Amino acid sequence: MALLQGIEAVTFDVGGTLIEPWPSVGHVYAEVAARHGVKAPDVATLNRQFAAAWKGKGEFDYSKDSWFALVAKTFGTQLETLPPGFLEDLYAHFGEPVAWRVRDDVVPAFDELASLGLDLGVISNWDERLRPLLHKLKLTSFLNSITISCDIGFTKPSPVIFEQALKDLGAPPQSVLHVGDNHREDVEGATGAGLHAVRLDREGKGDVKSLKEIAALLD
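So, here's what we can say about the structure. In this text, all values refer to a predicted model and were calculated from it rather than measured experimentally. (Residues numbered from 1 in each chain as written. Predicted model: local features only at pLDDT ≥ 70, side-chain atom pairs only at ≥ 80, totals over all residues. Heavy atoms only, no water.)

Within the protein, the secondary structure is distributed over nine helices and seven strands. Its C-alpha radius of gyration of 18 Å places the protein within 12% of the 17 Å reference for a compact globule of 219 residues. By principal-axis analysis of the C-alpha atoms, the protein measures approximately 55 × 30 × 30 Å. Of the roughly 10,400 Å² of accessible surface on the protein, a fraction of 52% belongs to carbon and sulfur atoms. Separation of charge centres in the protein, based on 21 positive and 31 negative side chains, amounts to 5 Å. (Helix = DSSP H or I, 4+ residues; strand = E, 2+ residues; numbered from the N terminus. Rg over C-alpha atoms; globule rule 2.2 N^0.38 Å. Areas by Shrake-Rupley, 256 points an atom, 1.4 Å probe, with all protein chains shown as cover. Lys, Arg positive; Asp, Glu negative; His and termini not counted. Charge placed at Lys NZ, Arg CZ, Asp CG, Glu CD.)

When its volume is computed, the largest pocket comes out at roughly 1,300 Å³. Gly15, Gly16, Phe50, Trp54 and Tyr62 are the residues nearest the centre of the largest pocket, which is lined by 44 residues in total. For the lining of the largest pocket, the secondary structure elements donating two or more residues are strand E2 (19–21), helix H1 (25–35), helix H2 (43–55), helix H3 (64–74), helix H4 (84–93) and helix H9 (183–192). Split into classes, the residues belonging to the lining of the largest pocket amount to 20 nonpolar, eight polar and 16 charged. (1 Å grid on protein atoms, 1.4 Å probe; cavity = no way out; pocket = protein on both sides within 12 Å on 5 of 7 lines; lining within 4 Å. Points joined across faces, edges and corners; volume = space filled by probe spheres on them. Nonpolar A, V, L, I, M, F, W, Y, C, P; charged D, E, K, R; others polar.)

Going residue by residue along strand E5 (residues 145–148), you find Ser145 and Thr147 tucked away on one face and Ile146 and Ile148 tucked away on the opposite face as well. Strand direction decides the pairing type here: strand E4 (residues 119–124) and E5, joined by four bridges, are parallel. Bridge assignment links Gly121 to a residue of E5, and that residue is Ser145. (Buried < 20%, exposed > 50% of the residue type's maximum accessible area, 1.4 Å probe, protein only. Pairing = 2+ DSSP bridges.)

Note that strand E6 (residues 176–180) and strand E7 (residues 196–199) share four bridges and pair parallel. Across the sheet, the residue bridging to Leu177 is His196, located in E7.

Another point: H2. Here H2 spans 18 Å end to end across 13 residues, near enough to the 18 Å set by a 1.5 Å rise per residue. Taken as a whole, H2 has its buried residues at Thr45, Leu46, Phe50 and Ala53. Down the axis of H2, the sector holding all buried residues measures 130°, keeping them to one side. For H2, the exposed residues lying more than 90 degrees away from the buried face are Arg48, Ala52 and Lys55. Residues of H2 that are buried in the fold lie against H1 and H3. One side-chain oxygen of the residue at the start of H2 lies 3.1 Å from the amide nitrogen of Ala44, identifying that residue as Asp42. (Expected span 1.5 Å × (residues − 1). Arc of directions from axis to C-beta. Contact = heavy atoms within 4.5 Å. Polar contact = N/O pair within 3.5 Å; in protein donor to acceptor, adjacent residues only side chain to side chain.)

Below, the discussion takes up H9. Looking at H9, one finds that the buried residues are Glu185, Asp186, Val187, Gly189 and Ala190. For H9, the side-chain oxygen to backbone nitrogen distance between the N-cap and Arg184 is 3.1 Å, and the N-cap itself is Asn182. Looking one or two residues beyond H9, the residue adopting positive phi is Gly194, at roughly 95°.

What follows is about the side chain of Glu185. Along the chain, Glu185 falls in helix H9. One buried charged residue, Glu185, forms no salt bridge at all, with the nearest opposite charge on Lys57 at 4.7 Å. Setting aside its immediate chain neighbours within four residues, Glu185 contacts Tyr62, Asn125, Lys156, Pro157, Phe162 and Ala190. (Salt bridge = Lys/Arg side-chain N within 4 Å of Asp/Glu carboxyl O.)

This brings us to the packing of aromatic side chains. Aromatic rings considered in pairs are described by the distance between their centres and by the relative angle of their planes. With the rule as written, the count across this model stands at 16 aromatic pairs. Taken together, a centroid distance of 4.9 Å and an interplanar angle of 85° make the contact between Phe60 and Tyr62 edge-to-face. Grouping residues by exposure puts Phe60 and Tyr62 together as buried. Between Phe68 and Tyr91, the aromatic rings sit 6.1 Å apart at their centres with planes inclined by 85°, giving edge-to-face as the arrangement. (Phe/Tyr/Trp six-rings, centres within 6.5 Å; stacked < 30°, edge-to-face > 60°.)

Shown next, in the form of structure tokens:
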């Protein structure tokens, strides 16, 4: 990629970019299910069925009801067959740091970008659990803005959520670079709102494969 000039702020997607479920979605689902006596497939099957449910989720508003319906699909059952206590416990569990891992390249990249005098922010399709989760994961101290779809009423790739992030940062779109792992939500969404964007793919199929490469893109 050509060097990007005039960048004053860098924003990041969260899920898949900064953090990931740990050890995996299937592991967490199975662990919480066991506590509630819920019959669950093996971890590999849960991961496979979650991936299929997520891929086919369509319009998803990130509400608790939407998450509960996705869990039921992952378990291959009807929502009403799952005990409410299990669903509430699972929902709460994913709001805690024990269910997540901060990727190894995140803090070094944040440190380097902050040392260059850049503002940092996140733009995420998420729910009310994200802000306290980022605090518990010790990431909020790096961030000048946190823009979440549940607060805005619009999800990426809508330009509205990106425009709100620009207001939060006090920056014009051409001075902001957005980094995320989803082409439609992050790259198309950001560029559609006038921001620069790069796609992260740690398998090497995107614009960068590590967040530590971002600083080198900036002139």
